[in-house]
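Here's the letter readout for the chains.
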Amino acid sequence: MAADWTAIEALPSPRLSDLFGNDPDRLARLSLDVAGIHFDWSKTHLTADAIAAFEQLARACDLAGKREAMFAGEPVNVTEGRPVEHTAERGEGKPESVQRAAAYHARMRAVIDAIEAEAFGPVRHILHVGIGGSALGPDLLVDALGRENERYDVAIVSNVDGSALEEAFARFDPAATLLVVASKTFTTTETILNAQSTISWMVEHGVEDPYGRVIALTAAPDAAIEWGVDETRVLPFSEGVGGRYSLWSSIGFPAAIKLGWDAFQELLDGAAEMDRHFRLAALHENAPALAAFADLYYTQVRGAETRATFAYDERLRLLPSYLQQLEMESNGKGVTTDGRPVGRPTAPITWGGVGTDAQHAVFQLLHQGTHLVPVEFVAVIEPGDILDEEHHRLLLLNAFAQGAALMQGKQAEDPARSYGGDRPSSTLLLDQLDPRTLGALIAFYEHRVFVSGVLLGINSFDQFGVELGKEMAKAAAKGGGDFDASTTDLIRRAGLD
């Protein structure tokens, strides 16, 4: 039976200014400090009554039971009959799964030690090919944490567009390059083609044993071995680790070798700290739960179709792209776990950018447009640069002022110069951007997705929606496929028939 949303749909729509004016304790009740991150939801329309209504819905949906089932390694991915084991990668989960993940991590560390000892010869460049979760997570980690690290030059290539691969080739010496192929099934068309082209590039430049310079990251070791990778250079991960949840596994190899193993372990430790918070904290003081409650309030009560995340730190510029896959691939579903139509909005469209750039591009719509867009600001107290401190001071003041302006608005005689205000935002303020805190931040987003999925009655851990277009592209590549007139004409015009 579908959960009863009546109490939530009946929630009033007060103005943010009234909520602050009527409740002197609002900030304290709607802010938390967890794992080096300060969370502030006071500028959202969450109230004590709204939180209580969501807690009641959570009980009806057995959120606590489903949360424990996930950590216990039960097959909560019901459509595929699989457990969900990404938390085991950071030591929180079914003991057998935690033990297996630890063994896989030890294997990865041994390979990294061998590379550092030049068992592969001099290696200066790491060319990682993957797509989706096999690229977005590692790319975020390397870009956020590895900018000043000179251990290895890492390129992460996901696009099948040859221009992306050629850009890496132009930078790298093939004789000093290690090819890392990341694919859960080791059948991903784009990834395998990019890997084959990289092997050809090595051969063309005189590398005698290119397959001896390949590391495979996969949940299908046999397929990698059949492709040509030696068993000793295959780094497995569990079938229960979904692609968009996989950066904690061997998929995180480029980050581990770029940043060093200690940093990778700190990343896991930070995520585990958020895991424990999510598992043990009451919902009214549980960061992932409160964030999900706010998300659901705006989609279900206010009809918001999008949510925007703006990183006020250049090092987190890839965070919005990472969240797009995590949130929309997880909860962009139209049926419940028992195959019935959901009957209500599910995931909002996730988008965003980097402050202060975005202020001069899209904030016009946020302040004065006709769409209600809940905004999330992510900022870091400790600067990532050594320039005049005025740079970072101005950056943070812009982030905080934008949230205040969205809420307060400003009236003017000229309607074109008026700001309606009452526009919601939340703020995530990190003490510093280090591996531990970034691990906690990413785990927070994962659990937030899980809470929303449970309350909506959907499976956040399958992604069948990505398959149809891929299947049709494969059919077209083989000269088949039953296409409409427009698609057939486009194929013909491009000379692909």
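Below or above, wherever it landed, is the structure these notes cover. (Residues numbered from 1 in each chain as written. Predicted model: local features only at pLDDT ≥ 70, side-chain atom pairs only at ≥ 80, totals over all residues. Heavy atoms only, no water.)

## Focus on the overall build of the protein
The condition is simple: Strands are runs of DSSP state E lasting at least 2 residues, helices are runs of H or I lasting at least 4, and numbering of each runs from the N terminus. The globule rule used for comparison is 2.2 Å times the number of residues to the exponent 0.38, while the radius of gyration itself is calculated over C-alpha atoms. Using a 1.4 Å probe on the protein chains alone, a residue whose accessible area is under 20% of its type maximum counts as buried, one over 50% counts as exposed, and one in between counts as partly exposed. Residue contacts are defined here by distance: any two heavy atoms, one from each residue, within 4.5 Å place the two residues in contact. All accessible-area figures derive from a Shrake-Rupley calculation using a 1.4 Å probe, and residue coverage is judged against the displayed protein chains alone.
If you tally the helices and strands in the protein, you get 19 helices and 11 strands. In terms of C-alpha radius of gyration, the protein reaches 24 Å, essentially the compact-globule figure of 23 Å for 497 residues. Seen through its principal axes, the protein has C-alpha atoms that stretch 75 × 60 × 55 Å. Here the protein, with 497 residues, has 53% of them falling under the buried criterion. Contacts in the protein between residues at least 24 apart in sequence constitute 75% of all its contacts with a sequence separation of at least 6. For the protein, the accessible area works out to roughly 21,900 Å², and carbon and sulfur atoms hold 51% of it.

## As for the packing of aromatic side chains
Note the cut-off: Only Phe, Tyr and Trp rings take part, Trp by its six-membered ring, and two of them pair if their centres are within 6.5 Å. Stacked means planes under 30 degrees apart, edge-to-face means over 60, and tilted covers everything else.
Counted by the stated rule, this structure contains 17 aromatic pairs. With a centroid separation of 5.4 Å and an interplanar angle of 65 degrees, the aromatic rings of tyrosine 211 and tryptophan 227 are classed as edge-to-face. With tyrosine 211 in the loop between helix 9 (189-204) and strand 6 (214-218) and tryptophan 227 in helix 10 (residues 221-227), this pair connects stretches of sequence that are 16 residues apart. Here tyrosine 211 falls in the partly exposed class, since its relative accessible area comes to 32%. A ring pair is formed by phenylalanine 450 and phenylalanine 461, whose centres lie 6.2 Å apart and whose planes are at 35 degrees; its orientation type is tilted. Placement of the pair is phenylalanine 450 in helix 17 (residues 435-456) and phenylalanine 461 in the loop between helix 17 and helix 18 (467-477), with a sequence separation of 11 residues. Per residue, the accessibility class of phenylalanine 450 equals that of phenylalanine 461, and both read buried. Through a chain of ring-to-ring contacts, the aromatic side chains of Phe310, Tyr312, Trp351, Phe363 and Phe377 assemble into a single cluster.

## Description of the pattern of salt bridges
Where we set the bar: Here a salt bridge means any side-chain nitrogen of Lys or Arg lying within 4 Å of a carboxyl oxygen belonging to Asp or Glu.
Within this structure, the stated rule accounts for 31 salt bridges. As a salt-bridge pair, arginine 276 and glutamate 92 come within 3.0 Å of each other at their nearest N and O atoms. Residue arginine 276 is located in helix 12 (residues 261-280), and its partner glutamate 92 is located in the loop between helix 5 (63-71) and helix 6 (95-116); the two are separated by 184 residues in the primary sequence. What you see here is one network of salt bridges that share partners, running through Asp295, Arg307, Glu327, Glu376 and Arg448.

## Quick word on the nonpolar core
Filter applied, for reference: We call a set of buried Ala, Val, Leu, Ile, Met, Phe, Trp, Tyr and Cys residues a nonpolar core when their side-chain atoms join them within 4.5 Å.
Counting residues in hydrophobic clusters, the biggest one holds 103 residues, and the most contacted among them are Phe253, Phe293 and Leu455. If sequence neighbours within four positions are ignored, phenylalanine 253 has contacts with Met108, Val111, Ile112, Ile115, Val180, Ile215, Leu217 and Leu235. Leu127, Phe186, Ala224 and Val229 belong to the second-largest nonpolar core, a separate cluster that totals 23 residues.

## Overview of the environment of valine 84
Its place among the elements puts valine 84 in the loop between helix 5 and helix 6. Classification of valine 84 by relative accessible area gives buried; the value is 4%. When the C-alpha atoms of valine 84 and tyrosine 245 are compared, they prove to be 9.3 Å apart, with 161 residues separating the residues in sequence. Residues contacting valine 84, with those up to four places away along its chain left out, are Met70, Glu74, Val76, Asn77, Gly240 and Phe461.

## Here's the deal with the sheet that holds strand 1 (residues 31-34)
Cut-off, in case you're wondering: Two strands are said to pair when DSSP picks up at least two bridges between them. Orientation is described by lines fitted to C-alpha atoms, with helices fitted over the stretch in contact, and by angles between N-to-C directions that extend from 0 to 180 degrees.
Across the sheet, six strands lie side by side as 1-2-11-10-8-9; this open sheet has mixed pairing. Strands with a single pairing partner mark the edges of an open sheet, and in this sheet they are strand 1 and strand 9 (349-354). When strand polarity is set aside, the average angle formed by the axes of neighbouring strands in this sheet is 15 degrees. With four bridges connecting them, strand 1 and strand 2 (residues 37-40) associate as antiparallel partners. Looking across to strand 2, one finds that aspartate 33 is bridged to histidine 38. Packed onto the sheet, helix 14 (residues 319-331) meets strand 8 (306-312), strand 9 and strand 10 (375-380) and runs at close to 170 degrees relative to strand 9. Set on the sheet, helix 17 makes contact with strand 2, strand 8, strand 10 and strand 11 (425-430); between it and strand 11 the angle comes to about 150 degrees.

## So, the pairing of strand 8
In summary, the side chains of a regular strand alternate between the two faces of the sheet. For clarity, the cut-off: Place the viewer so that the strands point away; then a crossover is right-handed whenever the path from the first strand over the helix to the second strand goes clockwise.
Judged by how many residues are buried, strand 8 sits mostly within the fold: seven of seven residues are covered. Residues of strand 8 alternate between two faces, with Thr306, Ala308, Phe310 and Tyr312 on one and Arg307, Thr309 and Ala311 on the opposite face, all of them buried. In the sheet, strand 8 pairs with strand 9 via six bridges, with the strands oriented parallel. Among the inter-strand pairings, threonine 309 is bridged to a residue of strand 9, identified as glycine 352. The β-α-β motif built from strand 8, the intervening helix 14 and the parallel element strand 9 has right-handed crossover chirality. Pairing between strand 8 and strand 10: five bridges, direction parallel.

## Comments concerning helix 7 (residues 133-145)
Short version of the rule: How far a helix is expected to stretch is found by multiplying one less than its residue total by 1.5 Å.
Here helix 7 contains 13 residues, and its C-alpha end-to-end distance of 18 Å stays within 8% of the 18 Å for a straight helix at 1.5 Å per residue. Of all 13 residues that make up helix 7, 11 are buried, and the element is covered over most of its length. Of all the positions in helix 7, only Gly133, Ser134, Ala135, Gly137, Pro138, Leu140, Leu141, Val142, Asp143, Ala144 and Leu145 are classed as buried.

## A closer look at unusual backbone geometry
Peptide bonds are mostly trans, and most non-glycine residues show a negative phi. In this structure, threonine 356 follows glycine 355 across a cis peptide bond, with omega equal to 10 degrees. Examined against the element boundaries, threonine 356 turns out to sit in the loop between strand 9 and helix 15 (363-368). Positive phi, close to 55 degrees, is recorded for aspartate 62, a residue that is not glycine. By secondary structure assignment, the location of aspartate 62 is in the loop between helix 4 (48-60) and helix 5.

## Brief notes about the environment of alanine 164
Its location among the elements puts alanine 164 in helix 8 (residues 162-171). On a C-alpha basis, the gap between alanine 164 and asparagine 194 in space is 9.6 Å, while along the polypeptide they are 30 residues apart. Apart from the residues within four sequence positions on either side, alanine 164 is in contact with Val157 and Asn159.

## Observations regarding the side chain of arginine 26
What counts is decided by this rule: Pairs of N or O atoms are called polar contacts if they sit within 3.5 Å, as long as, within protein, a hydrogen donor faces a hydrogen acceptor (for residues adjacent in sequence, only side-chain-to-side-chain pairs).
The residue arginine 26 is located in helix 3 (residues 26-29) in this model. Here serine 42 takes part through its backbone oxygen, which lies 2.9 Å from a polar atom of the side chain of arginine 26. Those residues in contact with arginine 26 that lie beyond four places of it in its chain are Leu19, Phe20, Trp41, Ser42, Thr44, His45, Leu46 and Thr47.

Read these as layout, nothing more, since geometry by itself doesn't imply function.
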